[in-house]
Amino acid sequence: MCGICGFVVNRRATAGPVERQGLTRMLECMRHRGPDDAAMHLSGRAAFAATRLAIRGISNGSQPIVDPKTGVTVVCNGEIDNYRELREWLRQRGHEIVSDTDIAVIPGLYLEHGPSFVRRLAGAFAIAVWDPRTEELVLARDRAGERPLFFAQRGEHVHFATEISALAALGTLDLRPDPLALELYLRRGYFPAPCTPFVDVHKVGPGEVVVFDVAGVHRNRYWRWPIGNRKGSRPTEEEFDSCFRRAVLQQTDIDVPFGLFLSGGLDSSLVAVVLETVRPEARPITYTVRFDVPSFDESDAAQRLAERLGLANVAVDLTAERLPAALYELVASSGEPLADPAWIATSILAERASRDVKLVLTGEGADELFGGYPTYLGARAAKHWQRIPFVVRAQIARAVHALPASEKKVSLTYLLKRFVAEASLPAIDRHLAWTAPIAPDQFAVLGLAPEPPSRIVETDVLDVLDRTQLMDLEGPLAEGLTTKSDRGGMNHGLELRTPFLDHGILEFAARLPSSDRVRGVRTKVFLKRYAERYLDRDTVHRRKRGLSLPLARWLATVLADWVHGQLTNGTLERVGVRERGALVLFDEHRRGSRDHSRALWSLCVLSEWFLWSDRRSFLVTKPAEALPPVARLT
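The shown structure was predicted, so the numbers you read here are calculated from the model rather than taken from an experiment.

1. Some points on the pattern of salt bridges
At step 1: For the structure shown, the criterion picks out 43 salt bridges.
At step 2: The salt bridge partner of R221 is E474, with a shortest N-O separation of 3.1 Å. Of this pair, R221 sits in strand 12 (residues 216-221) while E474 sits in helix 17 (residues 464-490); the two residues are 253 residues apart in sequence, bridging distant segments of the chain.
At step 3: Between E608 and R615 there is a salt bridge whose closest N-O contact spans 3.8 Å.
At step 4: Judged by its relative accessible area of 6%, E608 is buried.
At step 5: The network of salt bridges with common partners includes R234, E237, E238, D241, D516, R519, R529 and R533.

Here is the structure:
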């Protein structure tokens, strides 16, 4: 893991002292991502740099990597899990591998396959390749979007970086907030690729390669989740067991100690018990968030599982008072807003884990792949709802909306209110509304335009469950949950990996019949059946909670003054949010008549980002010529 950055200048120039100074600023801005090493390479028109968190090939894994014969230059943020087999294949082809690290296979693989080399990689990665022979810059991102990569094009100059904050630190880009993208953030809670908060900054999408050459810019999607592919025999538990064990084994094939984020729920517990069978000698420390609100706290369940496995468990207390400072730090280090409050919990947990280890495994991704969210049940139930006479539906809806608000995590009251409010919409629009941080009726109060109808054409090729899971994988997972994990973890120099997003697992889950994902009122049918070979039934069938915060209570009490300040500092007016409307939601929330916690938190995060954007020119204070202490010029 690391932070990568660089740029290519136009064909009439070479990278010189000015470019070196800009590269130094970008490098310094991402030191939190790679405390072990930092280096840069300037050659002709290209300038590449990387900070490093040493996970594999500890002694000789420095970047950038330059092929001595061709000058092809590579930087990579991430891990290549199948590097051993690729190394052997390349050696048979006569390639010299310059180091023991996993990313050392990339130059040779590029020389063999060109930009399509990424098809042969398994792992979580964001890669930049410069080929001086063809004057080609290649940017690529892994299939599930676990690792980020941003770029900005100014004339014939192309700049790229792992984090937007590094592009801002460059100092030569005119970064203007994008009102349309920021409004999309309010509707989604994240930025779908290629959108970012800035007009001139773009994101490489999950499973995408972007090539810059003399002919222009070429974007190519080299992989998309093939859900609905039912070819071949029905997937079996034995096949999955082999695939999952291999994923856990490969992701822990590293040269440093590692740990586990353990919630006590199904997904992270399954990772923990399978890890015990494939690496019985490993004794990883487990880390759990602890809350003083019972419906949000799963630390007791995590402690019991850790004790069963003979592992040490560290419970980290998360209180409301820590949120404002943690949010400020995350926005400043990454340069982007994210509406998921679990971003804060992940970062605070990562800060504690980083004192002991450099990598932790998590259980992210299982819900999207195996059908674990309540919205998937709602997608099926909506068909029956729409058959009920309108008058009866209206009476039921009034009764549901009259129910008192609940502070509990994902309460039945909250789910019912969201269901009846949007159940009559077309499938795509309905799912977007259910998963939005700000509901349609809240948008109206804030003075924002309603969500435009989806332009996605609904066909019979994929059923409604397939479509919604694909949307969740490419949107909330690839640009939301993986953003939470990457920025939250790497803010403290900690890599988060999830075996469920292994390429083999992705392909396996795509073949599952819908009845093996959702059946009746049951979710994750196949995964729970498989998990019973490793876990007790209470753990397997415990009600889903997930890593979320007791925001409803905190925003109405301890953090009320902070929320009021975030809503009234004038920044939200730039995206058309009426202050009076925001205060109406806040007042209803404090009185307990409505739960507006997700909407209020999303607005507070955006307000914090605007404050950072306004002051970003003052973030870099070190002289441009002062290289970081561990940086080297190659």
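Don't stop here, the text continues.
2. Let's talk about the sheet that holds strand 5 (residues 73-80)
At step 1: The strand order across the open sheet built from six strands is 4-5-6-7-11-12, with neighbouring strands paired in antiparallel fashion. This sheet does not close on itself; its edge strands, each paired only once, are strand 4 (65-66) and strand 12.
At step 2: Direction of pairing for strand 11 (residues 208-213) relative to strand 12: antiparallel, over a ladder of six bridges. The partner of E208 across the bridge, within strand 12, is R221.

3. Here's the deal with the sheet that holds strand 17 (residues 495-497)
At step 1: Ordered by their spatial adjacency, five strands build an open sheet running 15-14-13-16-17, and the pairing between neighbours is parallel. Strands with a single pairing partner mark the edges of an open sheet, and in this sheet they are strand 15 (313-317) and strand 17. Sheet twist, expressed as the average angle between the axes of neighbouring strands with direction ignored, equals 30°.
At step 2: Pairing of strand 14 (residues 285-290) with strand 15 involves five bridges; the strand directions are parallel.

4. What about the pairing of strand 13 (residues 258-261)?
At step 1: Residue alternation in strand 13 divides its side chains into two sets, F258 and L260 and G259 and F261, and both sets are buried.
At step 2: Pairing of strand 13 with strand 16 (residues 359-361), which is carried by three bridges, proceeds in the parallel orientation. Within strand 16, the residue paired with L260 across the bridge is L361.
At step 3: Looking at chain direction, strand 13 and strand 14 are connected through three bridges and run parallel. Note that in strand 14 the partner of F261 across the bridge is Y287.
At step 4: Traced from strand 13 through helix 7 (residues 266-278) to strand 14, the parallel crossover comes out right-handed.

5. So, helix 8 (residues 299-309)
At step 1: Considered for burial, the residues of helix 8 that qualify are S299, A301, A302, L305, A306 and L309. Down the axis of helix 8, the sector holding all buried residues measures 160°, keeping them to one side. Those residues of helix 8 that are exposed and aimed more than 90 degrees away from the buried face are D300, R304 and E307.
At step 2: On the buried face of helix 8, the contacting elements are helix 7, strand 14 and strand 15.
At step 3: Just past helix 8, the residue G310 takes up positive phi, approximately 70°.

6. Comments concerning the packing of helix 6 (residues 237-251) against helix 7
At step 1: In the contact formed by helix 6 and helix 7, the axes pass within 9 Å of each other and the chain directions differ by 80°. In terms of their interaxial angle, helix 6 and helix 7 are classed as roughly perpendicular. Counting all contacts with helix 6, which are made through F244, R245, V248 and L249, the residues of helix 7 involved are L270, V271, V274, L275, T277 and V278.
At step 2: For the contact of helix 6 with helix 7, the residue count by class is eight nonpolar, one polar and one charged.

7. Topic: the side chain of T375
At step 1: Relative to the elements of secondary structure, T375 occurs in helix 12 (residues 374-385).
At step 2: Ignoring anything within four residues of it in the chain, the contact list for T375 reads H431, W434 and T435.

8. Looking at the packing of aromatic side chains
Two descriptors summarise a pair of aromatic rings, namely the distance from one centre to the other and the angle between the planes of the rings.
At step 1: Taken as a whole and judged by the stated rule, the model has 21 aromatic pairs.
At step 2: Ring centres of F48 and F160 lie 5.2 Å apart, and the angle between their planes is 80°; on these two criteria the pair is classed as edge-to-face. Taken together, the positions of F48 in strand 3 (residues 46-52) and F160 in strand 9 (residues 157-161) put the pair 112 residues apart, joining distant regions of the chain.
At step 3: Residue class for F160 comes out buried when judged on its relative accessible area of 0%.
At step 4: Considering the side-chain rings of Y530 and Y534, the 5.7 Å spacing of their centres and the 65° angle between planes classify their relative orientation as edge-to-face.
At step 5: Joined through ring pairs, the aromatic side chains of F240, F244, F370, F500, F508, F526, Y530 and Y534 make up one cluster.
At step 6: The residue whose ring lies beneath R120 is W89, and the NZ or CZ to ring-centre distance is 4.2 Å.

9. As for the side chain of H32
At step 1: Looking at the element boundaries, H32 is found in the loop between helix 1 (17-29) and strand 2 (37-43).
At step 2: Dropping the residues within four chain positions of it, H32 is found in contact with E163, S333, M490, N491, H492 and G493.

10. Focus on the environment of Q469
At step 1: Looking at the secondary structure, you find Q469 in helix 17.
At step 2: Assessed through its relative accessible area of 0%, Q469 is described here as buried.
At step 3: With 96 residues separating them in the primary sequence, Q469 and Y373 have C-alpha atoms 9.4 Å apart.
At step 4: In contact with Q469, not counting residues within four places along its chain, are W225, I227, E368, L369, F370, G371, Y376 and R517.

11. Concerning the state of the cysteines
At step 1: Per the stated rule, a full pass over the model turns up zero disulfides.
At step 2: Here C2 is not disulfide-linked; the sulfur of C76 is the nearest cysteine sulfur, at 6.5 Å.

12. A few points about the pairing of strand 8 (residues 150-154)
At step 1: With five bridges joining them, strand 8 and strand 9 adopt antiparallel strand pairing. Bridged to Q153 within strand 9 is V158.
At step 2: Counting the residues in the hairpin turn of strand 8 and strand 9 gives two residues, including G155, whose phi is positive at 65°.
At step 3: Alignment of strand 8 against strand 10 (residues 201-203), held across three bridges, turns out to be antiparallel. For A152, the partnering residue across the bridge sits in strand 10 and is V201.

13. Here's the deal with the packing of helix 23 (residues 579-591) against helix 24 (residues 597-615)
At step 1: Packing of helix 23 against helix 24 leaves a shortest axis separation of 10 Å and a crossing angle of 135°. Regarding the angle of helix 23 to helix 24, the classification is oblique. Where helix 23 crosses over helix 24, the handedness of that crossing is left-handed. Of the residues in helix 24, those in contact with A582, L585, F586 and H589 of helix 23 are S597, L600 and L603.
At step 2: Of the residues belonging to the contact of helix 23 with helix 24, the class tally is five nonpolar, two polar and no charged.

What counts as what
- Residues numbered from 1 in each chain as written.
- Predicted model: local features only at pLDDT ≥ 70, side-chain atom pairs only at ≥ 80, totals over all residues.
- Heavy atoms only, no water.
- Salt bridge = Lys/Arg side-chain N within 4 Å of Asp/Glu carboxyl O.
- Helix = DSSP H or I, 4+ residues; strand = E, 2+ residues; numbered from the N terminus.
- Buried < 20%, exposed > 50% of the residue type's maximum accessible area, 1.4 Å probe, protein only.
- Pairing = 2+ DSSP bridges.
- Axes fitted to C-alpha atoms, helices over the stretch in contact; angles between N-to-C directions.
- Right-handed = clockwise from strand over helix to strand, strands pointing away.
- Arc of directions from axis to C-beta.
- Contact = heavy atoms within 4.5 Å.
- Parallel < 35°, antiparallel > 145°, perpendicular 65-115°, else oblique.
- Nonpolar A, V, L, I, M, F, W, Y, C, P; charged D, E, K, R; others polar.
- Phe/Tyr/Trp six-rings, centres within 6.5 Å; stacked < 30°, edge-to-face > 60°.
- Lys NZ or Arg CZ within 6 Å of the ring centre and 35° of its normal.
- Disulfide = S-S within 2.5 Å.
- Left-handed = near helix turned anticlockwise from the far one by under 90°.

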